[in-house]
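Examination of the molecular architecture
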Amino acid sequence: MDSITVLMTSPMSDYLETQLKDRFNLVKLWTYSSKTDFFKHNSHSIRAIVGNTKIGADAELIDSLPELEIVSSYSVGLDKIDLRKCQEKGIRVTNTPDVLTDDVADVAMGLMLAVARRVCECDRFVRRGLWPKGDFRLTNKFSGMQVGIVGLGRIGSAIAKRAEAFGCPISYYSRSEKPETNYKYFSNIIDLAVNCQILVVACALTEETHHIVNREVIDALGPEGILINIGRGSLIDEPELVSALLQGRLGGAGLDVFENEPEVPEQLFGLENVVLMPHVGSDTVETTDAMADLVIKNLEAHFLKKPLLTPVV
Amino acid sequence: MTTPNCLGNHDHQSKELSQVLVLEPPPIMKLHGDQFLNDFQLLKAWESPLPLDQFLSIHAQSVKALLTPGRYPLTKNILQLIPSLQLVVTTSAGLNHIDLPEFQRRGIAIASAGDVYSEDVADMAVGLLIDVLRKISAADRYVRKGLWDTKAEFPLGSKLCSKRVGIVGLGSIGQEVAKRLQAFGCRIMYTSRNKKPFVSYPYYSNVLELAADSDVLIICCGLTEQTRHMINKDVMLALGKEGVVINIGRGAIIDEKELVQCLVQRELAGAGLDVFENEPHVPRELLTMDNVVLSPHRAVRTPESLTAMCEHVKGNLEAFFSNKPLLSPVMNI
């Protein structure tokens, strides 16, 4: 298949890059100094895009590649892909669900524990040599805390299963109720926030869910509440989140995603009650390889006219 | 005749209250005061201007119960000064401050912390493990230093699911750790003094074999003569270069010097430590490592645990003085 030209939108995985180079004619978007330069050389040959959470396939890119047949995303999130345009043009779209579910759920739990039990703060305390001067403060008990999940999809359900092992009562808000679970359902996010101590944002980013966690939700969660985001930065109104944390209207936050990655509001850097990660929810050796394998398998299936493994469109 | 303050209230009714000797205030008393023990007459040795041996000789000859924190070593010498002692209630999860054989010889009962702290300690163990494997504290440092937008890429972590977790000591804490990690898809194995009936996790009779078959070792046992430096160089090498050690037991269960060497020489992938051999001192080499997570012996310090411990201590003392079974007697010394 090395006559087939595949576009990789940004550096995402050395392993994936090697695999793509071995099988296809690989074009790397970031090696071009200008868009015009890129389009001049490649617009008529590219038949597939491999995108990720940084650069996917927006309308402009899709429109400029007339031979495009498939977008295989190295992510489970689809917010960087113009799905409607793909549907209109008959372009297939695949993503990487399931293989990263455990890892993202693990980071959500790790962030919850890190904020509630102040693990990172304890670590800083010891490294700064403060322990001989006096004991560290008390931290809140985590087991049994009420956990509210926004979006009970694969990742949300995996988080719920883990939190249950800590005796945490689980409630959720989702597009639809899931009667097969015995978690408590709330039909709106405010009620969920009022009734939980830790709010975990685990839903997909769409037009409807943009800023779903706004000032009202943050205030409902309250000054003892903890907000965890492993979804997408824009699910939360970030300026509102920052001001709530600075003013003590929110108890703490654990964030793996931000509205304008890699920018992180610097006012957060001075806070002890937040834990910040650079969008690494699925970044383990095992999972990144599995994601890459899934991208490759989807591309191969498409070009061999076989059924796609994880189609979205 | 006035009674000094340290003998509790001055009311003549104080003679009817059962006496409880306290050599040094446990953390619950420092943080909560002692109202929860209003039903008892507290003999507060630390408030007396007398040196301890004199205080005990004068005031503690008929005392039957002692409340003690974990940091206060209860040695033979002290026991000799409290000849009527029948019960020690300790607020510490560990028992290494108590000369167990001597207590057994004298027939003194010990009421432990029971499982009051187990959930909190297990939570900390899991929190430390996720942090080490997924580099949470390291990621937080990376972001705060402004490194995200630079060429310095953040390294990949390691998946928790399917990791073989060897639990050293399957008591109350070890079982809570196991229960939690099972939900993450970890495979649990354990070693303990004895195989536990009704437990389906694979049992290993020695820690070296457990380490050889594990990706992670979590130290959940108590410190005794047998477990001192049980996690030695051989065990750490058996765990291997991808191995991770989590310690929420006692620092001295691990040969700390060897641990540091193994980490420096990359014979171990990482460690999460809440306890150390010479607290509050932590080996300098660890303070700059990115693959370790350090905690200042805080695993049990939640307000909820402290409140529960007040109730638990009171419950044990009440049981003792009314000749009922203790809530959490230590057996099988």
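Per chain, residue numbering runs from 1 following the sequence as it is written. The order in which chains are written sets their letters, starting at A; the order in which ligands are written sets their numbers, starting at 1. Restriction of local features to residues with pLDDT of at least 70 applies here, the model being predicted, together with a cutoff of 80 or more for giving and counting side-chain atom pairs; totals for whole chains, interfaces and linings are based on all residues. Side-chain descriptors were evaluated using all non-hydrogen atoms of the structure, hydrogens and water having been removed beforehand.

Numbering of helices and strands starts at the N terminus; helices are DSSP runs of H or I of at least 4 residues and strands are runs of E of at least 2. The helix and strand tally for chain B stands at 11 helices and 12 strands. Remark: exposure states derive from per-residue accessible area (1.4 Å probe, protein chains only) relative to the maximum for the residue type, with buried under 20%, exposed over 50%, and partly exposed in between. Scored against the burial criterion, the 333 residues of chain B give a buried share of 55%. Counting only contacts in chain B whose residues sit at least 6 apart along the sequence, the fraction spanning at least 24 positions is 59%. Working definition of accessibility: Shrake-Rupley area with a 1.4 Å probe, residue cover restricted to the visible protein chains. Looking at chain B as shown, the accessible area adds up to about 15,000 Å², and 49% of this sits on carbon and sulfur atoms. For this count, His and the chain ends are skipped, Lys and Arg are scored as positive, and Asp and Glu as negative. To locate a charge, the coordinates of NZ of Lys, CZ of Arg, CG of Asp or CD of Glu are taken. For chain B, the centre of its 34 positive side-chain charges and the centre of its 36 negative side-chain charges are spaced 3 Å apart. Whether two residues touch is decided by their heavy atoms; if any such pair falls within 4.5 Å, the residues are in contact.

Scanning chain A from terminus to terminus reveals 11 helices and 12 strands. Taken over the C-alpha trace, chain A has a radius of gyration of 21 Å; the compact-globule value for 313 residues is 20 Å, and the two agree within 12%. Each of the three principal axes of chain A carries a C-alpha extent, and together these read 65 × 50 × 30 Å. With 313 residues in all, chain A has 58% of them scored as buried. Relative to all contacts within chain A whose residues are 6 or more apart in sequence, the contacts with residues 24 or more apart total 58%. Positive and negative charge centroids in chain A, built from 32 and 43 side chains respectively, lie 2 Å apart. Computation of the radius of gyration draws on C-alpha atoms alone. For the globule rule, the value is 2.2 Å times the number of residues to the power 0.38.

The next thing to look at is the UniProt feature "domain: D-isomer specific 2-hydroxyacid dehydrogenase NAD-binding" (unreviewed entry) in chain B. UniProt positions are given in the numbering used here, feature names are shortened, and annotations may be inferred rather than shown by experiment. Residues given the UniProt feature "domain: D-isomer specific 2-hydroxyacid dehydrogenase NAD-binding" (unreviewed entry) here are residues 126–299 of chain B. Its end C-alpha atoms 11 Å apart, residues 126–299 of chain B is made of 29% helix and 16% strand.

Moving on, we come to helix H6 (residues 136–144) of chain B. Judged by how many residues are buried, H6 of chain B sits mostly within the fold: 9 of 9 residues are covered. The set of residues buried in H6 of chain B consists of Ile 136, Ser 137, Ala 138, Ala 139, Asp 140, Arg 141, Tyr 142, Val 143 and Arg 144 of chain B. Looking at the buried side of H6 of chain B, the elements it contacts are helix H5 (101–116), helix H6 (119–127) and strand E12 (274–276) of chain A together with helix H5 (118–134) and strand E12 (292–294) of chain B. The first or second residue beyond H6 of chain B is Gly 146 of chain B, which carries a positive phi of 75°.

All names here are of chain A. Should DSSP find at least two bridges between two strands, the strands are regarded as paired. Pairing is parallel across the open sheet formed by 7 strands, whose spatial order is E8-E7-E6-E9-E10-E11-E12. Either end of the sheet is taken by a strand with one partner, and the two such strands are strand E8 (184–185) and E12. Bridge count between strand E6 (residues 147–150) and strand E9 (residues 198–201): 4 bridges; the pairing is parallel. Counted as the bridge partner of Val 147 is Ile 198 from E9.

Moving on to unusual backbone geometry. Pro 262 of chain A follows Glu 261 of chain A through a cis peptide bond whose omega is 5°. Mapped onto the elements, Pro 262 of chain A comes out in the loop between strand E11 (252–255) and E12. Of note, the amide linkage connecting Glu 279 of chain B to Pro 280 of chain B takes the cis form, showing an omega dihedral of 5°. Relative to the helices and strands, Pro 280 of chain B resides in the loop between strand E11 (270–273) and E12. Its identity as a non-glycine residue notwithstanding, His 297 of chain B has a phi of 50°, on the positive side. Along the chain, His 297 of chain B turns up in the loop between E12 and helix H11 (303–321).

Moving on, we get to the sheet that holds strand E10 (residues 244–247) of chain B. Residues and elements named next belong to chain B. Strand order in the open sheet formed by 7 strands is E8-E7-E6-E9-E10-E11-E12, and the pairing between neighbours is parallel. Each of the sheet's edge strands pairs with one partner strand only, and the pair in question is strand E8 (203–204) and E12. Relative to strand E9 (residues 216–219), strand E6 (residues 164–168) runs parallel, the two sharing 4 bridges. Bridge pairing links Gly 166 to Leu 217 in E9. Here the axes come from fitting lines to C-alpha atoms, over the contacting stretch only for helices, and the angles between their N-to-C directions go from 0 to 180 degrees. Those strands touched by H5 are E9, E10, E11 and E12, and its axis lies near 155° from that of E10.

A separate point is the UniProt feature "domain: D-isomer specific 2-hydroxyacid dehydrogenase catalytic" (unreviewed entry) in chain B. Taking the numbering used here, the UniProt-annotated feature "domain: D-isomer specific 2-hydroxyacid dehydrogenase catalytic" (unreviewed entry) corresponds to residues 50–330 of chain B. Annotated as residues 50–330 of chain B, this span is 35% helix and 14% strand, and its ends, taken at the C-alpha atoms, are 32 Å apart.

This part is about the environment of Lys 324 of chain B. Residue position: Lys 324 of chain B is located in the segment after H11. Distance in space between the C-alpha atoms of Lys 324 of chain B and His 32 of chain B is 26 Å, their sequence separation being 292 residues.

Time to look at the UniProt feature "domain: D-isomer specific 2-hydroxyacid dehydrogenase NAD-binding" (unreviewed entry) in chain A. What UniProt calls "domain: D-isomer specific 2-hydroxyacid dehydrogenase NAD-binding" (unreviewed entry) maps, in this numbering, to residues 109–281 of chain A. The span residues 109–281 of chain A is 29% helical and 14% strand by assignment, and the distance between its end C-alpha atoms comes to 11 Å.

Here we take up the nonpolar core. Nonpolar core, defined: a set of buried Ala, Val, Leu, Ile, Met, Phe, Trp, Tyr and Cys residues in which side-chain atoms within 4.5 Å join the residues together. Counting residues in each nonpolar core, the largest one holds 150 residues, and the members touching the most others are Leu 16, Leu 20, Phe 142, Ile 159 and Leu 299 of chain A together with Leu 181 and Ile 218 of chain B. By residue number, the principal contributor to this core is H5 of chain A, which donates 11 residues. Each residue touching Leu 181 of chain B, except ones within four places of it in the same chain, is listed here: Val 126, Leu 129, Leu 160, Val 165, Cys 186, Ile 188 and Ile 218 of chain B. Ranked by size, the runner-up nonpolar core spans 37 residues in total, among them Val 126 of chain A together with Leu 223, Leu 286 and Val 292 of chain B.

The figure often quoted for interface size is the accessible area lost as the parts come together. Counting residues at the interface gives 58 residues for chain B and 57 residues for chain A. By definition, the buried area sums, over both parts, the 1.4 Å-probe accessible area that each loses when the two are put together. For the pair chain B and chain A, the two sides together bury roughly 4,800 Å², of which 62% comes from carbon and sulfur. If you sort the residues of chain B by the area they bury against chain A, Arg 134, Arg 144 and Trp 148 of chain B come out on top, with a joint share of 18%. By convention in these notes, a salt bridge is any Lys or Arg side-chain nitrogen within 4 Å of a carboxyl oxygen on Asp or Glu. Where chain B meets chain A, there are 8 salt bridges. Close ionic contact of Lys 163 of chain B with Glu 286 of chain A constitutes a salt bridge, the shortest N to O distance being 3.5 Å. Pairing of N or O atoms within 3.5 Å defines a polar contact, subject to two protein rules: one partner must be a possible hydrogen donor and the other a possible acceptor, and residues neighboring in sequence count only if both atoms are side-chain atoms. Linking chain B with chain A are 27 residue pairs in polar contact (both at pLDDT 80 or more).

This part takes up the pattern of salt bridges. All names here are of chain A. Applying the stated criterion across every chain yields a total of 36 salt bridges over all chains. In this structure, Arg 23 engages Glu 300 in a salt bridge whose closest nitrogen and oxygen atoms are separated by 2.7 Å. Separated by 277 residues along the polypeptide, Arg 23 in helix H1 (residues 14–23) and Glu 300 in helix H11 (residues 285–303) bring together distant segments of the chain. Since its relative accessible area comes to 24%, Glu 300 is described here as partly exposed. Close ionic contact of Arg 162 with Asp 102 constitutes a salt bridge, the shortest N to O distance being 3.1 Å. Of this pair, Arg 162 sits in helix H7 (residues 154–164) while Asp 102 sits in helix H5, and the two are 60 residues apart along the sequence. By relative accessible area, Arg 162 is classed as buried at 1%. Residue class for Asp 102 comes out partly exposed when judged on its relative accessible area of 23%.

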